[in-house]
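# Structural description and commentary
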Amino acid sequence: MNTHLQHILDTLQQIENLSEEQRSAITKSLKDVDKEMVILEFKLDRTEKVKRTTAILLEETIDELELKRKVVEETLNELKATQAQLVQQEKLASLGQLTAGIAHEIKNPLNFVNNFSELSGELIDEAFEELEKLEDSDTKEEMVAILKDVKGNISKVLEHGTRANSIVTSMLQHSRGGEGKMEPTDLNALIKEYSNLAFHGMRAGKSPINAEIILQLDEQIKDVPLIGEDFSRVMLNLCNNAFDAMRVKTLISSPSPEGRGVPEGRSEEDYQPKLTIRTKSDKNQVIIEVEDNGPGIADDIKGKILQPFFTTKKGTEGTGLGLSITNDIIKAHGGSLDIQSQPGCTIFIIHLTL
């Protein structure tokens, strides 16, 4: 019984004027009150426990909601970045269609230039034959000399026209894609063609760099079964990726616009961007190495660079699809792509089984 109630009960026992019935009634009331107080204490204790449990659960729920909020924010940021990349990809696709249209329009007059250059060369040969029938004279010699110069000029026009036609044809094939058939392809010629296109594309861009391209191609390698239109994308993507990396290092090595200068012991002339492409054969496979002397790939992103939409570029400068598409195309050729990187050097190594 409650201490206070027990004290009251003891006091009642000492009062002599109370009858037995009154004493029993008061005692019963006190015991009832004690029971009620015990029940109330039990309920109060239980309520306190529920309150503490609720507080703990509430705190855990708040923490969980905060984590979920952060996840939702990260997901939203990723979706926004992905949306921006998809918009940029759509722009690039539209640009590709526009480029294909321009290339097609250029190809028509280029065909006329090449055809009439060939025809003019044939006409000059006929003119030489007719001049041979004439008697020797100063006029004849002068005409022959002039015709030789004209034929030399036409040969140069035809040479560069043919070269331009080859570039335009490559652009059209690259933009349209092909039938997806493996065909014997001159690998070294493809590498020369598309590394050159990538270089001139970079030079025509908004942030050109003075990069040196070194080709160390195994001349023993001839035709390799490839889907030419697809594999050209591989070379373009790897070259563009190398130029982007070397552009970053160029900015690091060069004086800043704010005048902070360069790291101690360095000067702007210290760094010369170099892109080295090698081909070599090894038993039943061909190995292609694309090496740049950029800053290298940070350890924390090495495992991510082949993931779709992963990019280190800001805003909509990059879609994060180039290396992912490159890896998919190489796998479709039954090959593999390995990456070796350290500060100042990154090598993308392609293994193709013959």
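Preceding this paragraph is the structure being described.
So, here is what we can say about the structure in this document. These figures come from a predicted structure and were not determined experimentally.

### Some points on the pairing of strand 5 (residues 285–292)
A large share of strand 5 lies buried, amounting to eight of its eight residues. Pairing analysis gives eight bridges linking strand 4 (residues 274–282) to strand 5, with the strands arranged antiparallel. Looking across to strand 5, one finds that Ser281 is bridged to Val286.

### Some details on the packing of aromatic side chains
All chains considered together, the criterion is met by two aromatic pairs. On the basis of an interplanar angle of 15° and a centroid distance of 6.3 Å, the ring pair of Phe112 and Phe116 is categorised as stacked. In this pair, Phe112 and Phe116 both sit in helix 2 (residues 20–132), four residues apart, roughly one turn of the helix. On the accessibility criterion, Phe112 (54% relative accessible area) is exposed.

### Digging into the sheet that holds strand 6 (residues 336–342)
Strand order across the open sheet formed by five strands is 2-4-5-7-6, with mixed pairing between neighbours. The two strands at the open ends of the sheet, each matched to only one other strand, are strand 2 (212–217) and strand 6. Put simply, the sheet's adjacent strands are angled 15° from each other on average, direction ignored. Relative to strand 7 (residues 345–353), strand 5 runs antiparallel, the two being bridged by eight bridges. Counterpart to Glu291 in the pairing with strand 7 is Ile347. Of the strands in this sheet, strand 6 and strand 7 are in contact with helix 6 (residues 322–332), which crosses strand 6 at around 135°.

Conventions and cut-offs
Residues numbered from 1 in each chain as written. Predicted model: local features only at pLDDT ≥ 70, side-chain atom pairs only at ≥ 80, totals over all residues. Heavy atoms only, no water. Buried < 20%, exposed > 50% of the residue type's maximum accessible area, 1.4 Å probe, protein only. Helix = DSSP H or I, 4+ residues; strand = E, 2+ residues; numbered from the N terminus. Pairing = 2+ DSSP bridges. Phe/Tyr/Trp six-rings, centres within 6.5 Å; stacked < 30°, edge-to-face > 60°. Axes fitted to C-alpha atoms, helices over the stretch in contact; angles between N-to-C directions. Contact = heavy atoms within 4.5 Å.

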